[in-house]
Amino acid sequence: LNSHLAVGATLLLTSRSVLDDGFWRFASERNATSMAGVPHTYDLLARGQLLARAPRSLRTLTQAGGRLPPHAVEYPRAEIEKRGGRMFVMYGQTEATARIAYLPPELLARNSDCIGVAIPGGALSLRGDDGAEITEAGHPGELIYRGPNVMMGYALKREDLTRDAELSELATGDIAERMDSGLFRIVGRKSRFVKPFGLRVALDEIERRLEADGVAAMVSGSDSLIAVGVIAKA
């Protein structure tokens, strides 16, 4: 909202769902140019092939609010590019108000599993279990973000609001790797790694590989056991 207001854009407000024909009539009547959504929004758009109803004025799609699976990127990306527009897939955390990285639209088709590069003014790096920075491509570590939008700290009571800034970086809790291209890719959560037989295994990565094979599943586990619960076969 703030970025649109800062450049003098008009905000179009409606309580209608994207499933509602009235939503698209409203967008067309007012020549909407940009639409933001969370993963659920894009799931609905893809299931109903709803972007065919979008006005020709629509030029920009943005996505945040959670991970969008690579296969779910293809439909909205292809549709908006048909009309000469762009789709921005973004990554962030509330503690960084709330953008950290974005994937340049021209790279989206070939890198839909990446979060991209740091936003202007910010910087991304990786930190290993030993606390040292990881500079080699393909080596996972905790994703660290530095930038002017990192929060001052956590306030638990009124008096905390008088304290000076206490953070110079944000340890995201996400495990990522830097690709040869310089783009970053999330491979899991720090709390979602286990070590059976001394091997470091990302539970999120197991879920992603199953998803790529058309299997919807949830994976949990410990250093002695990995449990896979299959939800459905696509």
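Because the structure is predicted, anything quoted here is derived from the model rather than measured.

Criteria and cut-off values
- Residues numbered from 1 in each chain as written.
- Predicted model: local features only at pLDDT ≥ 70, side-chain atom pairs only at ≥ 80, totals over all residues.
- Heavy atoms only, no water.
- Buried < 20%, exposed > 50% of the residue type's maximum accessible area, 1.4 Å probe, protein only.
- Helix = DSSP H or I, 4+ residues; strand = E, 2+ residues; numbered from the N terminus.
- Salt bridge = Lys/Arg side-chain N within 4 Å of Asp/Glu carboxyl O.
- Contact = heavy atoms within 4.5 Å.
- Polar contact = N/O pair within 3.5 Å; in protein donor to acceptor, adjacent residues only side chain to side chain.
- Pairing = 2+ DSSP bridges.
- Right-handed = clockwise from strand over helix to strand, strands pointing away.

S.K.: Any chance you could break down helix H5 (residues 203-212) for me, citing the residues and the numbers?
M.R.: Of all the residues in H5, the buried ones are Leu203, Asp204, Glu205 and Arg208. Backbone geometry just after H5 places Gly214 at a positive phi near 85°.

S.K.: How would you explain the pattern of salt bridges if you had to name every residue and give the values?
M.R.: Taken as a whole, this structure holds 21 salt bridges when the rule is applied. Among the salt bridges present, the one from Arg47 reaches Asp43, with a minimum N-O distance of 2.8 Å. On the criterion of helical spacing, the pair formed by Arg47 and Asp43 is a turn pair, its members being 4 residues apart in helix H3 (residues 39-47). With a shortest N-O distance of 3.7 Å, Glu211 and Arg67 are connected by a salt bridge. Taken together, the residues span a long stretch of sequence, with Glu211 in helix H5 and Arg67 in the loop between strand S2 (60-63) and helix H4 (70-82) at a distance of 144 residues. On the basis of relative accessibility, which here comes to 29%, the residue Glu211 falls in the partly exposed class.

S.K.: I'd like a description of the environment of Arg163, backed by residues and values.
M.R.: Among the secondary structure elements, Arg163 is positioned in the loop between strand S8 (141-146) and strand S9 (170-178). The exposure class of Arg163 is partly exposed, given its relative accessible area of 31%. Expressed as a C-alpha distance, the spacing of Arg163 and Met151, which sit 12 residues apart in the sequence, is 12 Å. Among all residues touching Arg163, those that are not within four sequence positions of it are Met152 and Tyr154. A distance of 3.2 Å separates the side chain of Arg163 from the backbone oxygen of Tyr154, its partner in a polar contact. Here Glu166 takes part through its side chain, which lies 2.4 Å from a polar atom of the side chain of Arg163.

S.K.: Could you give me a rundown of unusual backbone geometry, with the residues and numbers involved?
M.R.: Backbone torsion omega between Thr97 and Ala98 reads -20°, so that peptide bond is classified as cis. Within the secondary structure, Ala98 sits in the loop between strand S3 (86-91) and strand S4 (101-103). The residue Thr97 is not glycine, and still its phi comes out positive at about 40°. As for its placement among the helices and strands, Thr97 is situated in the loop between S3 and S4.

S.K.: Break down the pairing of strand S1 (residues 34-37) for me, with residues and values.
M.R.: What you see with S1 is a clean split: Met35 and Gly37 sit on the buried side and Ser34 and Ala36 on the side with no burial. Where S1 meets S2, 4 bridges bridge the pair, whose relative direction is parallel. What sits directly across from Ala36, in S2, is Thr62. Of the crossover connections in this fold, the one passing from S1 over H3 to the parallel S2 is right-handed.

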